[in-house]
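# Close look at the chain arrangement
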Amino acid sequence: MPLHTQVDESVQDDELNVNPVYVRELGAEIPRYRLPANGMLPRAALQVVRDELILDGNARLNLATFVTTWMEPEAEQLMAECAAKNMIDKDEYPQTAELERRCVNILSQLWNAPSGSQATGCSTTGSSEACMLGGMALLWRWRARRQAAGQDTARPNMVMGSNVQVCWEKFCRYWQVEPRFVPMVPGRLHLRGAEAAAQCDENTIGVVAIMGSTMDGSYEPVVEISQALDQLQAEQGHDVPMHVDAASGGFVAPFLQPDLEWDFRVSRVASINASGHKYGLVYPGVGWVMWRTPDALPDDLVFKVNYLGGEMPTFALNFSRPGAQVAAQYYNFIRLGRHGYRQVQQACRDVALHLSAGIAKMGPFELLTEGRDLPVFAFKLRDDITGYSVFDVSERLRLRGWQVPAYTFPADLTGTAVMRIVVRNGFSMDLANLLLADLRKHLTVLEHHPQTQPPPEIQRKRQSFKH
Ligand SMILES: Cc1ncc(COP(=O)(O)O)c(C=O)c1O
């Protein structure tokens, strides 16, 4: 969460300006940065807060986020009913714990955990927490292995593409693991096997493969990376496990690419995470993490809480958390079933392919991906388009409320600026056609009114929103 700083003394006594029809006593005082001495009626409070929030963007037009922005009324009702249940109180809310157990079992099947392997998993607040837990298990296992062999444990490292989501940088910084980023180069926009293996040594706790890349929606080749690590083991003896960050793909690949091997079918994959609040179709925040076998999760990371007179093992960074999202995840599983999830994800992919084809036909853009892996694609302006940039296009789209991010790629492609569209449940073909029409209109305006571009060094730092 952003860190907020205490406001300047000169504005500390600022008051909110409240419409007199909301309040019974005219002149009711509502300080902006201090706790008011007295309260107000619920309706008045609701109206004041709602009025403030109308400046937020329209979540349905947010094509930047991977996170669910639409759920059906029945699911919303269920979430409201469960908002007061604390996920950690297993003893008080045993049925919520039971729903979590069912979700973990459903996911273990979707991710092809070998039967009888006792694959173990849990819910989290999102993929970031799930990645932290996956990374910690790798670190603990590597350390235990080295200690048992009487070897040095001072310099663990983790190998990943420079396109990883920021949660992996956080993991490395917080747990003092050296991140070894494989840079992106033209024509290779994510991690490949040979480059991953080349970065590994005896201190590598694991390799992270992403399904799919936050930058452009493409899947990293899990089997190829795993084979390169097999070869590394044969040649140098380092047995390096993999974690698959399937934040989005964990709920897409099982339905749209069921034959693609990226999950526990690949024996080197020790753990997998996914966000229930992305293509799992639940409002934020819920994530999932799963280990192939119980011993992939070291015992000393597990804490026991009370459960029906006994104890239940838990692994989490936080303690209290609402049970609503887990109930909603289970609701989605039984509401949609395998067929329904496939239909939803297929509809997203159809829209993504329609949009990317339409954008490719406009002329000034080049596609980096089409939206065939995740229903997510990235595109850039042709090199000879110099009268405006993707940042100008993004800003103009914002005029009608469309939120389409523009950003530069990470190392070594920081000079490449792209736009990215994430198609999610609820973004219909009709909305897609409206977006295409608006985009065409804005391109015509920009072609007739070229923008003065800042110098490249500033352009490279220019970012709109990204995730
Ligand atoms: C590949 C990947 N990993 C991790 C995350 C972090 O996920 P969360 O927002 O669920 O914490 C994201 C978010 O976009 C992602 O795309």
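Each remark here, short or long, concerns the structure printed above.
Structural notes, computed from the coordinates.

Quick notes on the rules
- Residues numbered from 1 in each chain as written.
- Predicted model: local features only at pLDDT ≥ 70, side-chain atom pairs only at ≥ 80, totals over all residues.
- Heavy atoms only, no water.
- Pairing = 2+ DSSP bridges.
- Helix = DSSP H or I, 4+ residues; strand = E, 2+ residues; numbered from the N terminus.
- Axes fitted to C-alpha atoms, helices over the stretch in contact; angles between N-to-C directions.
- Contact = heavy atoms within 4.5 Å.
- Buried < 20%, exposed > 50% of the residue type's maximum accessible area, 1.4 Å probe, protein only.
- Phe/Tyr/Trp six-rings, centres within 6.5 Å; stacked < 30°, edge-to-face > 60°.
- Lys NZ or Arg CZ within 6 Å of the ring centre and 35° of its normal.
- Salt bridge = Lys/Arg side-chain N within 4 Å of Asp/Glu carboxyl O.
- Near = heavy atom within 4 Å.
- Polar contact = N/O pair within 3.5 Å; in protein donor to acceptor, adjacent residues only side chain to side chain.
- Areas by Shrake-Rupley, 256 points an atom, 1.4 Å probe, with all protein chains shown as cover.
- 1 Å grid on protein atoms, 1.4 Å probe; cavity = no way out; pocket = protein on both sides within 12 Å on 5 of 7 lines; lining within 4 Å.
- Points joined across faces, edges and corners; volume = space filled by probe spheres on them.
- Nonpolar A, V, L, I, M, F, W, Y, C, P; charged D, E, K, R; others polar.
- Expected span 1.5 Å × (residues − 1).
- Arc of directions from axis to C-beta.

Spatially, the 7 strands line up as an open sheet ordered 1-7-6-5-4-2-3, and their pairing is mixed. Looking at which strands have only one partner, the edges of the open sheet turn out to be strand 1 (120–124) and strand 3 (178–182). Here the strands of the sheet are splayed against their neighbours by 20 degrees on average, with no regard to which way each runs. Pairing analysis gives 5 bridges linking strand 6 (residues 269–275) to strand 7 (residues 287–291), with the strands arranged antiparallel. Each bridged residue has a counterpart across the sheet, and for N273 the counterpart in strand 7 is V289. Across the face of the sheet, helix 3 (residues 94–110) comes into contact with strand 1 and strand 7 while running at roughly 60 degrees to strand 7.

Let us look at the side chain of T96. Mapped onto the elements, T96 comes out in helix 3. For T96, a relative accessible area of 10% corresponds to the buried category. Each residue touching T96, except ones within four places of it in the same chain, is listed here: K85, M87, G323 and V326.

On to the packing of aromatic side chains. Considering all chains together, one arrives at 12 aromatic pairs under this definition. Note on F251 and F333: the rings are 6.3 Å apart at their centroids and 20 degrees apart in plane angle, and the pair reads as stacked. Of this pair, F251 sits in the loop between strand 5 (242–245) and helix 8 (253–256) while F333 sits in helix 9 (residues 324–361), and the two are 82 residues apart along the sequence. A residue is classified by how much of its surface remains accessible, and F251, at 0% relative accessible area, is buried. Where F365 meets F379, the ring centres are 5.1 Å apart and the plane angle is 85 degrees; that geometry is what we call edge-to-face. Residue F365 is found in strand 10 (residues 365–367), and its partner F379 is found in strand 11 (residues 376–381); the two are separated by 14 residues along the sequence. Pairwise contacts between aromatic rings join F251, F255, F333 and Y341 into one cluster. When the ring centre of W140 is taken as origin, the NZ or CZ atom of R143, which lies over that ring, is 4.9 Å away.

A few words on the pattern of salt bridges. Applying the stated rule across the entire model yields 18 salt bridges. A salt bridge links R192 to E224; its shortest N-O distance comes to 2.7 Å. Here R192 is found in the loop between strand 3 and helix 6 (193–199), whereas its partner E224 is found in helix 7 (residues 222–236), with 32 residues between them in sequence. Given a relative accessible area of 34%, R192 falls into the partly exposed group. Judged by its relative accessible area of 27%, E224 falls in the partly exposed class. Residues D263 and R265 are paired through a salt bridge, measuring 2.9 Å at the closest nitrogen-oxygen approach. Judged by its relative accessible area of 31%, R265 falls in the partly exposed class. Among the ionic contacts, a cluster of salt bridges with common partners joins E98, R101 and R102.

As a matter of local geometry, the ligand sits amid G126, S127, S128, Q165, C167, I210, T214, D245, A247, S275, H277 and K278. Between the ligand and S275, the relevant distance is 2.9 Å, taken from an oxygen atom to a side-chain nitrogen or oxygen of the residue. Look at the ligand: alone it shows 390 Å² of surface, and the protein chains cover 89% of it.

Our next topic: empty space enclosed by the protein. Applying the stated criterion to the full structure yields 2 cavities of 30 Å³ or more. If you trace the largest cavity, you find it lined by R60, N62, L63, T69, V422, R424, N425, G426 and F427. Considered class by class, the residues forming the lining of the largest cavity number 3 nonpolar, 4 polar and 2 charged. By volume, the second largest cavity is sized at about 40 Å³. The wall of the second largest cavity is formed by T68, T69, W70, K278, Y279, L281, R424 and N425. By residue class, the composition of the lining of the second largest cavity is 3 nonpolar, 3 polar and 2 charged.

Relative to the 21 Å expected for 15 residues at 1.5 Å per residue, helix 7 spans 21 Å between its end C-alpha atoms, a close match to the ideal helical length. Within helix 7 the residues assigned to the buried category are V222, I225, S226, A228, L229 and L232. Along the axis of helix 7, the buried residues cluster in a sector spanning 160 degrees; they form a single face. Of the residues in helix 7, the exposed ones pointing more than 90 degrees away from the buried face are A234 and E235. Against the buried residues of helix 7 lie helix 6, strand 4 (204–210), strand 5 and strand 6. A positive backbone phi angle near 85 degrees is found at G237, which sits one or two residues after helix 7.

Taking burial as the measure, the 6 residues of strand 11 include 6 buried ones, the bulk of the element. On strand 11, burial covers both faces: V376, A378 and K380 on one face and F377, F379 and L381 on the other are all buried.

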